[in-house]
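Given next are the chains, with one letter for each unit.
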Amino acid sequence: MPLLDRAGPRRAISFGAAAARAVVCIYAAPRFGTLLLFPCAFLLLVLSKVHAITKNGLAVAYAGPNEGLVRANARLGRIATGGAVLAAGPAFGLLKLGGAEAVLYGAAVAYGIAAALNLRLPHPRMRGGQAEVSRLGAIPQLTAPAIGAAGLRAASGFLLFALAFALRRSGEPTWWFAVLAGSATAGAYLGDLIVPRLPANLREEAVVIGCLIGAGVGATLSFFAFELVVLVLFATVVGASSELGRLAFQTLMQRLAPGGSYGRVFVRYEILFQLAWVGGALIPALAPIDFRDGFLILAALYLVAIIGYLTPDILARRRG
């Protein structure tokens, strides 16, 4: 993202990403049944990532001195979740009335409103960090937290596809999928509510490792106490731990990254987390795993992530 590195988290980039997505939706709507839909979907994904990177930088600029980055990020997460829930009803209505084309036109209106709201943002005051950044966007202080956060993402992808594939192969009731997936979503929202109430002196690194340990213990208990109530509680813990870990890492990254390297830094770690999620999801999608045995594999994934988190610190102490 050289453009973002040079321009910084400008309002114009956020405005352009929203306006461009509105244009793409308008173009794609009448072409929904053609092959042109696929490049349009790809463009929407790219523009979504541009918006996310710019939003991370703007959060650093706009976070109040008494609010802090963790609380600001959690508030943005709650707003995003609430917006998705509120939009689901109108989107379903548009789908019933006019099909997929109507949904795309509705999305274009939403993106247009988002672009207009960008114009009301004040000029951001940048407060970038002072960490050393490599040419590819790596920050040494983020090595261990990144491993931990990637482990949380991999476990999240594993659980989702285990619900979709292993649950069906194991003969459990299909409605378990809706219950457990809903519990994980509720857990993520719960994580956004918990973050502002954490002690102000609690380090982000401690949040990441705490999430790994808590989720790992929950996965082990779910294997031995394999009942729906326990699984619902575990799915909630997974959702909350994934969101807490994401917010903690995002805040740490925002605090350390210099203002002129947001593009490189944010893209590097986002790609890492996307690959971790895909890697975790591929395990139950390709291997014939029993649903109950999947919780032992989950526990092993968390254990590997914990070891990976602790290894850089151990190696650094030995060198010292």
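Everything discussed here concerns the structure shown above.
Along each chain, numbering runs from 1 in the same order as the chain's sequence is written. Reporting of local features is limited, given that this is a predicted model, to residues whose pLDDT is at least 70; pairs of side-chain atoms are given and counted only at 80 or more, and all residues count toward the totals for whole chains, interfaces and linings. With hydrogens and water set aside, each side-chain value is computed from the structure's full complement of heavy atoms.

Chemist: I would appreciate a short explanation of the environment of Ala166 in the present structure.
Modeler: Each helix is a run of DSSP H or I of at least 4 residues and each strand a run of E of at least 2, with the numbering of both proceeding from the N terminus. Residue placement: Ala166 occurs in helix α5 (residues 143-169). Separated by 150 residues in sequence, Ala166 and Gly16 have C-alpha atoms that sit 42 Å apart. Note on contacts: a residue pair is in contact if any heavy atoms of the two residues lie within 4.5 Å. Residues in contact with Ala166, not counting those within four places in the same chain, are Phe161, Ile289, Asp290 and Phe291.

Chemist: Help me understand the environment of Ala72 in this model?
Modeler: Assignment of secondary structure puts Ala72 in helix α4 (residues 69-118). For Ala72, a relative accessible area of 8% puts it in the buried group. Sequence separation between Ala72 and Tyr62 is 10 residues, and the spatial gap between their C-alpha atoms is 8.8 Å. Relative accessibility decides the category of a residue: with a 1.4 Å probe and only protein chains considered, values under 20% of the type maximum give buried, values over 50% give exposed, and everything between is partly exposed.

Chemist: I'm lost on helix α9 (residues 262-286) in this one. Help?
Modeler: For an α-helix, the turn length of 3.6 residues means that residues three or four places apart are oriented alike. With 25 residues, α9 extends 36 Å between its outermost C-alpha atoms, agreeing within 8% with the 36 Å of an ideal straight helix rising 1.5 Å per residue. Taken as a whole, α9 has its buried residues at Tyr262, Gly263, Val265, Phe266, Tyr269, Phe273, Ala276, Gly280, Ala281 and Pro284. The length a helix should cover is 1.5 Å for every residue beyond the first.

Chemist: Just to check I follow, could you spell out the side chain of Ser242 for this structure?
Modeler: Residue position: Ser242 is located in helix α8 (residues 228-256). Apart from residues no more than four positions distant in its own chain, Ser242 is found in contact with Leu152 and Ser156.

Chemist: Please clarify how the packing of aromatic side chains should be interpreted in this entry.
Modeler: Both the distance between ring centres and the angle between the ring planes are used here to describe each pair of aromatic rings. Here a Phe, Tyr or Trp ring, Trp counted by its six-membered ring, pairs with any other such ring whose centre lies within 6.5 Å, and the pair is stacked when the planes are under 30 degrees apart, edge-to-face when over 60, and tilted otherwise. In the structure shown here, the tally under the stated rule is 11 aromatic pairs. Measuring from ring centre to ring centre gives 5.6 Å for Phe234 and Phe295, while their planes differ by 70 degrees; the resulting arrangement is edge-to-face. With Phe234 in helix α8 and Phe295 in helix α10 (residues 293-319), the pair connects residues that are 61 residues apart, well separated along the chain. Classification of Phe234 by relative accessible area gives buried; the value is 3%. Ring plane angle 65 degrees and centroid distance 5.4 Å describe the contact between Phe249 and Tyr269, whose orientation is recorded as edge-to-face. Taken together, the positions of Phe249 in helix α8 and Tyr269 in helix α9 put the pair 20 residues apart, joining distant regions of the chain. Accessibility expressed as a relative area gives 3% for Phe249, which makes it buried. Clustering of aromatic rings is evident, with ring pairs tying together Trp175, Trp176, Phe226, Phe234, Phe291 and Phe295. Directly above the ring of Tyr27 sits Arg31, whose terminal nitrogen or CZ lies 3.9 Å from the centroid. The ring of Phe223 carries the charged tip of Arg292 above its face, separated from the ring centre by 5.2 Å. Only lysine NZ and arginine CZ atoms are considered, and such an atom sits over a ring when it is within 6 Å of the ring centre and within 35 degrees of the ring normal.

Chemist: Looking at this model, I keep getting lost on the environment of Ala178. Mind explaining?
Modeler: In this fold, Ala178 is placed in helix α6 (residues 175-194). We classify Ala178 as exposed; its relative accessible area is 53%. For the pair Ala178 and Ala164, spaced 14 residues apart in sequence, the C-alpha separation works out to 9.9 Å.

Chemist: Help me out: how do you make sense of the nonpolar core in this one?
Modeler: Definition of nonpolar core: a set of buried residues of the types Ala, Val, Leu, Ile, Met, Phe, Trp, Tyr and Cys, connected through side-chain atoms within 4.5 Å. Counting residues in each nonpolar core, the largest one holds 38 residues, and the members touching the most others are Leu212, Leu231, Phe234, Phe291, Phe295, Leu298 and Tyr302. Among the secondary structure elements, those contributing two or more residues to this core are α5, α6, α7 (204-224), α8 and α10. Looking at this core element by element, the count peaks at 9 residues for α5. Among the nonpolar cores identified, the runner-up in size contains 19 residues, and Leu142, Val265, Tyr269 and Phe273 belong to it.

Don't take any of this as a statement about function, it's just geometry.
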